[in-house]
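Here is what each chain is made of, one letter per residue.
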Amino acid sequence: MNITEEIQEAFSLAKKTGLSVTARGAGRSYNDAALTGGGIILDMRGMNAITRWDKSTGLITAQPGTTLEQIWQKVEPDGWWPPVVSGTMKTTLGGCLSANIHGKNNFKMGPIGEHVVEFTAILPTGAEITCSQNKNADLFYAMISGLGMLGIFTSVTMQMKRIYSGLLTVDAFPVQNLHEQLSSLLEGAPDHDYIVGWLDCIASGKSLGRGQIHATRYLHEGEDPNPQETMKIKNQVLPPMIFGVFPKSLLHYFMAPFVNNFGTWGVNTAKYIASLRKHTFRQSHAAFHFLLDYVPNWEYSFGRGGLIQYQSFVPKETAEAAWTEVLKLAQKNGLPSYLGVTKRHRPDKFLLTHAVDGFSLAMDFKVTNSNRARLSAMLQQFDKIILQAGGRFYFAKNSETSAETAQAFYGEETLAEFRKLKKRCDPHGLLESDLYKRIFGN
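On a predicted model such as this, the values are computed, not experimentally measured, just so you know.

1. A look at the sheet that holds strand 11 (residues 194–199)
Part 1 of the argument: As summarised here, the arrangement of the eight strands in space is 15-10-12-11-17-18-16-19, forming an open sheet in which the pairing is antiparallel. With partners counted over all chains shown, the strands left at the sheet margins are strand 15 (279–284) and strand 19 (392–393), one partner each.
Part 2 of the argument: Of the pairings in the sheet, the one linking strand 10 (residues 167–175) to strand 12 (residues 211–218) comprises eight bridges and is antiparallel in character. Counterpart to V170 in the pairing with strand 12 is T216.
Part 3 of the argument: Across the sheet, helix 6 (residues 178–188) is in contact with strand 10, strand 11, strand 12, strand 17 (339–345) and strand 18 (358–366); its angle to strand 11 comes to roughly 175 degrees.

This is the structure in structure tokens:
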């Protein structure tokens, strides 16, 4: 029995037994996107073959369990790079499409779905379909961003991005407050290929929203005197040691004592002071993009309760006011975020899109038994602030978003279209994750 037949058998079993089905990739979402209590979870990691790579055109075809790590290591030595990547290379292609991930270049390249040439999928009805922007276009734009609730990807063909070096040029400079942070993202984006900001969520007063910007561009052909060398895998992989002697896998033990309000204040203050010197440097693609992989198991530093990441997307006209209110509210409650990351975004055509013509702010909050209820209540307040500002949310991240909030930012017309496609592709409601139940209800 091949893998396609196994997926069809799982659907058949679910229909007979009344169970729900959810596909799971690498389990890298920050929420319940790949969970279904009491149901069937399809582990897609076995479908991880790269079935075609054309280094002359940059077209790659791969199964949905293939990771971004497999893809970039396949294409980079030939002078190509995935056009959109997440902050970790461990995510699977199917998961990336289901969430329609964005990168630090969303303002220029859009989400990953814009670079998909074609995909094949199995629907819960048993039908096998092929979709592109011109063929079954309604399903193309709905299954990409559709949270895995319309069908299971079986093969994906994507266009890679041509590069001429294994290095990127990074301009790093400080910003004194939230206004300067957002202005730098807006003004710097057109002149760069990537732009991202670190935001100190503990700084207050005139320093509220201070941080550092990394504005990055590809090297043009001829700028790198030895591109064949810099594009070798050995010059891209993240080192397992610090200073060549200390295992990075142990770093989270040393980070843990600082993951509290006072410790993070000290770390952030030192980081900001160190960033005051503007500088330009060259960095490998992997080191720039995959910061979440730089310290293995970094999330363990947050303790047994883990963390919640809250990411909001707000139009450029209202972002400063909304996030000023959010940052002040968190500080007032004694629940500041221990990491803030900003990006520049633009809209896209996908049905369940999270994008706006504006910015995103991702915030990491430590969860403990004593703050869990207060944190949950505060994030509900955040939702109201963001919705009032015309904002949206991203379901690879937020775990506290309610059905009412989802309905408010998607709008009834979008939800009606999604439900129509859901009924067509999955008439028996077999594909249902805990996330789907939470934000779409019945």
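2. Structural notes on the packing of aromatic side chains
Part 1 of the argument: Evaluated as defined, the whole model comprises 24 aromatic pairs.
Part 2 of the argument: Summarising the aromatic geometry, the rings of Y310 and F393 are spaced 5.9 Å apart at their centres and angled 70 degrees between planes, so their arrangement reads as edge-to-face. Residue Y310 is found in strand 16 (residues 307–315), and its partner F393 is found in strand 19; the two are separated by 83 residues along the sequence. You'll find Y310 and F393 in the same group, each marked buried.
Part 3 of the argument: Look at F393 and F409: their rings are 5.5 Å apart centre to centre, the planes differ by 65 degrees, and that puts the pair in the edge-to-face class. Here F409 lies in helix 13 (residues 403–410) and F393 lies in strand 19, a separation of 16 residues in the sequence. The same class applies to F393 as to F409, namely buried.
Part 4 of the argument: One aromatic cluster is present, formed by Y310, F365, F382, F393, F395, F409, Y410, F418, Y436 and F440 through successive ring pairs.
Part 5 of the argument: Here K104 stacks its cationic end above the ring of F288, 5.3 Å away from the centre of that ring.
Part 6 of the argument: The positively charged end of K248 is found above the aromatic ring belonging to Y294, 3.5 Å away from the centroid.

3. Side note on the pattern of salt bridges
Part 1 of the argument: Within the structure shown, the criterion is met by 16 salt bridges.
Part 2 of the argument: The partner of D54 in a salt bridge is R52, and the shortest N-O contact between them spans 3.8 Å.
Part 3 of the argument: Among the salt bridges present, the one from R210 reaches D200, with a minimum N-O distance of 3.1 Å. On the criterion of sequence distance, the pair formed by R210 in the loop between strand 11 and strand 12 and D200 in the loop between strand 11 and strand 12 is long-range, its members being 10 residues apart.
Part 4 of the argument: Here the residues in one salt-bridge network are K316, E317, R344 and D357, joined through shared partners.

4. Some words on the environment of I163
Part 1 of the argument: Relative to the assigned elements, I163 resides in the loop between strand 9 (161–162) and strand 10.
Part 2 of the argument: The exposure class assigned to I163 is buried, which follows from its relative accessible area of 3%.
Part 3 of the argument: Ignoring anything within four residues of it in the chain, the contact list for I163 reads E76, G79, W80, W81, Y218, M231 and H285.

5. Regarding the nonpolar core
Among soluble globular proteins, nonpolar side chains are generally buried collectively.
Part 1 of the argument: In terms of nonpolar packing, the biggest core is built from 117 residues, with F119, W323, F365, F382 and F440 touching the most fellow members.
Part 2 of the argument: Considering every element that reaches this core, the biggest residue donor is helix 11 (residues 319–332), with seven residues.
Part 3 of the argument: In this structure F382 touches Y310, V326, L329, A330 and F365, once residues within four positions along its chain are discounted.

Rules and cut-offs
Residues numbered from 1 in each chain as written. Predicted model: local features only at pLDDT ≥ 70, side-chain atom pairs only at ≥ 80, totals over all residues. Heavy atoms only, no water. Pairing = 2+ DSSP bridges. Helix = DSSP H or I, 4+ residues; strand = E, 2+ residues; numbered from the N terminus. Contact = heavy atoms within 4.5 Å. Axes fitted to C-alpha atoms, helices over the stretch in contact; angles between N-to-C directions. Phe/Tyr/Trp six-rings, centres within 6.5 Å; stacked < 30°, edge-to-face > 60°. Buried < 20%, exposed > 50% of the residue type's maximum accessible area, 1.4 Å probe, protein only. Lys NZ or Arg CZ within 6 Å of the ring centre and 35° of its normal. Salt bridge = Lys/Arg side-chain N within 4 Å of Asp/Glu carboxyl O. Core = buried A, V, L, I, M, F, W, Y, C linked by side-chain atoms within 4.5 Å.

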